[in-house]
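Chain by chain, the residues:
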Amino acid sequence: MSGETQASVSESVVTRTAKKGDILLHAGDEVHGWYAVLSGLVKLQSGSPKGRVSAFLGVPDGEWFGEGSTLKSEPRRYDVIALRDTLWLCLPRVQFNTLLADSLPFNHFLVAHLNRRLGQAMTIIEAGRLRAPEQRVALYLSRVFWQGRRKLTLSQEELGHLVGLSRQTVNKALKSMEQQGLVSLTFGRVTVLDEHALTAHAFPPEV
């Protein structure tokens, strides 16, 4: 990426803040760009005509989201809601498309990012259809969703929002996994102690 392009991107990026519970982006809104979480945590959530709400992805600090919507010329299909106070940024669509057309490193990063999101999407579909609650909690603590993070600053309420389970069910699952030596629990934090065992717990062999 040339210095001129870098300068143009830096000048165009817009940072914003949101309080816990705020809707950052609404389903049905026009898409203005690609977004990243600088600090905090957001969830991507969709609703059905009958009012049923389903959170399907949590996005922590340091990660981008909304690339699918940015690549398509259609309204946003989901709400983005802050699970805690959040600082986030927008790379405007014009600059996104310029990088897509001109920057090979950007395309490499975007393809790798999309491939990871596809893996997460397939995992979410499987978890919702096949997994027991404790397995679903283990899955949402795994590297599939928290790449490179073994100490997760995540409350049981936040985890419940992401997994689609009550706080009580999440607490029961976490206590069970703590007894098995898979995780340790402190206030507002889950630490993965045995990553391989946690993955095996989330993906037990078929019988």
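Everything numeric in this text was worked out from a predicted model, so none of it was measured. (Residues numbered from 1 in each chain as written. Predicted model: local features only at pLDDT ≥ 70, side-chain atom pairs only at ≥ 80, totals over all residues. Heavy atoms only, no water.)

A closer look at the environment of S73
Then, number 1: One can find S73 in the loop between α2 (67-71) and β7 (79-82).
Then, number 2: Classification of S73 as exposed rests on a relative accessible area of 77%.
Then, number 3: Once the C-alpha coordinates of S73 and V31 are considered, the two residues, 42 residues apart in sequence, prove to be 8.0 Å apart. (Helix = DSSP H or I, 4+ residues; strand = E, 2+ residues; numbered from the N terminus. Buried < 20%, exposed > 50% of the residue type's maximum accessible area, 1.4 Å probe, protein only.)

Quick look at the packing of aromatic side chains
Then, number 1: The tally for this structure, following the rule as stated, stands at seven aromatic pairs.
Then, number 2: An angle of 40 degrees between the planes, with centres 5.5 Å apart, marks the rings of Y35 and W88 as tilted. On the criterion of sequence distance, the pair formed by Y35 in strand β3 (residues 33-39) and W88 in strand β8 (residues 86-92) is long-range, its members being 53 residues apart.
Then, number 3: Classification of W88 as buried rests on a relative accessible area of 4%. (Phe/Tyr/Trp six-rings, centres within 6.5 Å; stacked < 30°, edge-to-face > 60°.)

Quick look at the pairing of β8
Then, number 1: By the criterion of burial, β8 is predominantly enclosed, with six of the seven residues buried.
Then, number 2: Strand direction decides the pairing type here: β3 and β8, joined by six bridges, are antiparallel. Residue pairing for β8: G33 is matched across the bridge by P92. (Pairing = 2+ DSSP bridges.)

Some points on the confidence of the model for the protein
Then, number 1: Of all residues in the protein, 88% attain a pLDDT of 70 or more, and the chain-wide mean is 84.
Then, number 2: Within the protein, strand β5 (residues 53-60) has the poorest average pLDDT of any element, 72, and β8 the best, 96. (pLDDT = per-residue confidence, 0-100.)

Quick notes on the pattern of salt bridges
Then, number 1: Evaluation of the coordinates by the stated rule reveals six salt bridges.
Then, number 2: Ionic pairing is found between E157 and K20, a salt bridge with its closest N-O pair at 3.6 Å. A residue pair is termed long-range when its members are at least 10 positions apart, and E157 in helix α6 (residues 156-163) and K20 in the loop between β1 (14-18) and β2 (23-25) qualify at 137 residues.
Then, number 3: Of the charged contacts, one joins K72 and E74 as a salt bridge, the two residues approaching to 3.5 Å between their closest N and O atoms.
Then, number 4: Judged by relative accessible area, which is 36%, K72 ranks as partly exposed.
Then, number 5: Salt bridges here are not isolated pairs; linked through shared partners, they connect E63, E67, R116 and R117. (Salt bridge = Lys/Arg side-chain N within 4 Å of Asp/Glu carboxyl O.)

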